[in-house]
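Notes for the structure review
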Amino acid sequence: MNMAHDDLTREDLVETGPETAAPSADGVSAHERAMEIFKAREFEGEALRMGQVLRRVRETLGLEIADVSRDTLMRKDYLMWIERMEVGELPGGGYLTAILNTYAKYLKLPEKEVIRVYSQECGAVQEVQNDAPVPKIGEIGPEKSRWPLAVAAAALLVVLGAGAIGVSQLVRPNVELEPQAGVVAVNGARDSLFADVETSKRPAPKDLPLELVAVKQGWLEVRGADGTIFRSRVMAEGESYFPRLNAGWTVSARDGSAFEWRVGDVTVGPLGPEATPVFSASIDEQISRAADAAAPAMAANGGNKASR
């Protein structure tokens, strides 16, 4: 970028945007290629979320994070979190919408479309609730109470159920039923349907360093209890993530065997079976299991964290 910024305001910089690169050999400019990525929401056959779209558009335009930060006066870490869709790291108070608007405008992308899609994908719709369509006055009416209908339906079900029980007792003798085996809830985070699911009674330390480590490249998504996405991207082999514990967070992966739970140098177990997707697995359910696995190492260190 060869622009002199001394006498320009932030609005001037955003309006100016990145310089348009010269057309390539096929006559297609960098901006046209960037718009193709934005419209298709994919790059080299890989489907992209809006944060990844912003990153690919920036790279296609030949820009570094430092370039965007310098021209828009936005912090580099904010821009990186936006591209990674780690919105939980951003401060509240409308920062998400403001940053998205400035970033999209700088890349010459439709701001409202970027904000709408991004917010839907990361669960931060409340940030853009003012952009939602407002119904016409003729369509607005007082909401009718559904309680009378619900009460009547419940009463009818009770009467029918009581009648069915009475008839069944009259026409057939009582039969002693053998106890049935309980239903086992299947969770993608467990190794198998028949894994030992007994919960440990060992109290988990408050500073348990439980982490998810990528044993091979794979996609991982971590969500908070309110739906906020703290991580949603492909992680490289050896990369790790420390989720918040006892907060109701969940984790999803396209291949459960690509990740494993660890406490320091102690391997607790895989996130899921080989080549099996994991959907919204509870992170808190792993705490007792991790505490048991790491107990010997923690005891050897005088009750401190497992060595790394």
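Computed from a predicted model, the values in this text were never measured in an experiment. (Residues numbered from 1 in each chain as written. Predicted model: local features only at pLDDT ≥ 70, side-chain atom pairs only at ≥ 80, totals over all residues. Heavy atoms only, no water.)

Observations concerning the pairing of strand β4 (residues 218-223)
The following threshold applies: The buried label applies to any residue whose accessible area, calculated with a 1.4 Å probe on protein chains only, is under 20% of its type's maximum; exposed applies above 50%, and partly exposed to all values in between. Secondary structure follows DSSP: runs of H or I at least 4 residues long count as helices, runs of E at least 2 residues long count as strands, and numbering of each begins at the N terminus. Strand pairing follows a simple DSSP-based rule, namely that at least 2 bridges must link the two strands.
With 5 of 6 residues buried, β4 lies mostly within the body of the structure. In this sheet, strand β5 (residues 229-235) lies alongside β4 in antiparallel orientation, the contact comprising 6 bridges. Paired with W219 across the strands is V234, a residue of β5. Connecting the antiparallel pair β4 and β5 is a turn made up of 5 residues, with G227 showing a positive phi of about 95°.

Things to note about the sheet that holds strand β10 (residues 278-282)
What counts, and what does not: Angles shown run from 0 to 180 degrees and are taken between the N-to-C directions of axes, each axis being a line fitted to C-alpha atoms and, for helices, limited to the stretch in contact.
Taken in spatial order, the 4 strands line up as β5-β4-β7-β10 in an open sheet, and their pairing is antiparallel. The open sheet has two edge strands, β5 and β10, and neither has a second partner. Taking each pair of neighbouring strands and ignoring which way they run, the sheet shows an average axis angle of 15°.

A word on the packing of helix α3 (residues 50-60) against helix α7 (residues 111-122)
Let me state the cut-off plainly: Convention used here: angles under 35 degrees read as roughly parallel, angles over 145 as roughly antiparallel, angles from 65 to 115 as roughly perpendicular, and any remaining angle as oblique. Any two residues whose heavy atoms approach within 4.5 Å at even a single point are treated as in contact. Think of it as three bins: nonpolar holds Ala, Val, Leu, Ile, Met, Phe, Trp, Tyr, Cys and Pro, charged holds Asp, Glu, Lys and Arg, and polar takes everything else, Gly as well.
At a closest axis distance of 8 Å, the pairing of α3 and α7 adopts a crossing angle of 135°. The pairing of α3 with α7 is recorded here as oblique in orientation. Taken together, the residues of α7 that come into contact with α3 (itself represented by M50, G51 and L54) are V114, V117, Y118 and E121. When its residues are assigned to classes, the contact of α3 with α7 shows 5 nonpolar, 1 polar and 1 charged.

Describing the confidence of the model for the protein chain
Short version of the rule: pLDDT expresses how confident the predictor is about each individual residue, on a scale running from 0 to 100.
Chain-level statistics for the protein chain give a pLDDT mean of 74 and a share of 63% at 70 or above. The low-confidence segment residues 127-141 (pLDDT under 50) makes 8 contacts with residues lying over four places distant or belonging to another chain. Note that residues 174-200 has pLDDT below 50 and, in this model, 27 contacts with residues that lie over four places away or in other chains.

Let's talk about the environment of A293
Its location among the elements puts A293 in helix α9 (residues 287-300). With 24 residues separating them in the primary sequence, A293 and G269 have C-alpha atoms 9.2 Å apart. Ignoring anything within four residues of it in the chain, the contact list for A293 reads V266 and V268.

What to know about the packing of aromatic side chains
Within a pair of aromatic rings, the relevant descriptors are the distance that separates the centres and the angle that separates the planes. Here is the rule we go by: For Phe, Tyr and Trp, rings pair up if their centres lie within 6.5 Å, where Trp contributes its six-membered ring, and each pair is then called stacked (planes under 30 degrees apart), edge-to-face (over 60) or tilted (otherwise). Only when the NZ of Lys or the CZ of Arg is both within 6 Å of the ring centre and within 35 degrees of the ring normal is a charge said to sit over the ring.
Counted by the stated rule, this structure contains 2 aromatic pairs. Between F230 and W249, the ring centres sit 4.2 Å apart and the planes meet at 15°, which makes this aromatic pair stacked. Of this pair, F230 sits in strand β5 while W249 sits in the loop between β6 (240-241) and β7 (250-253), and the two are 19 residues apart along the sequence. The buried category is assigned to F230, whose relative accessible area is 13%. Positioned over the ring face of F38 is R41, at 4.6 Å from the centre of the ring. The side chain of R254 reaches across the aromatic face of W219, ending 4.6 Å from its centre.

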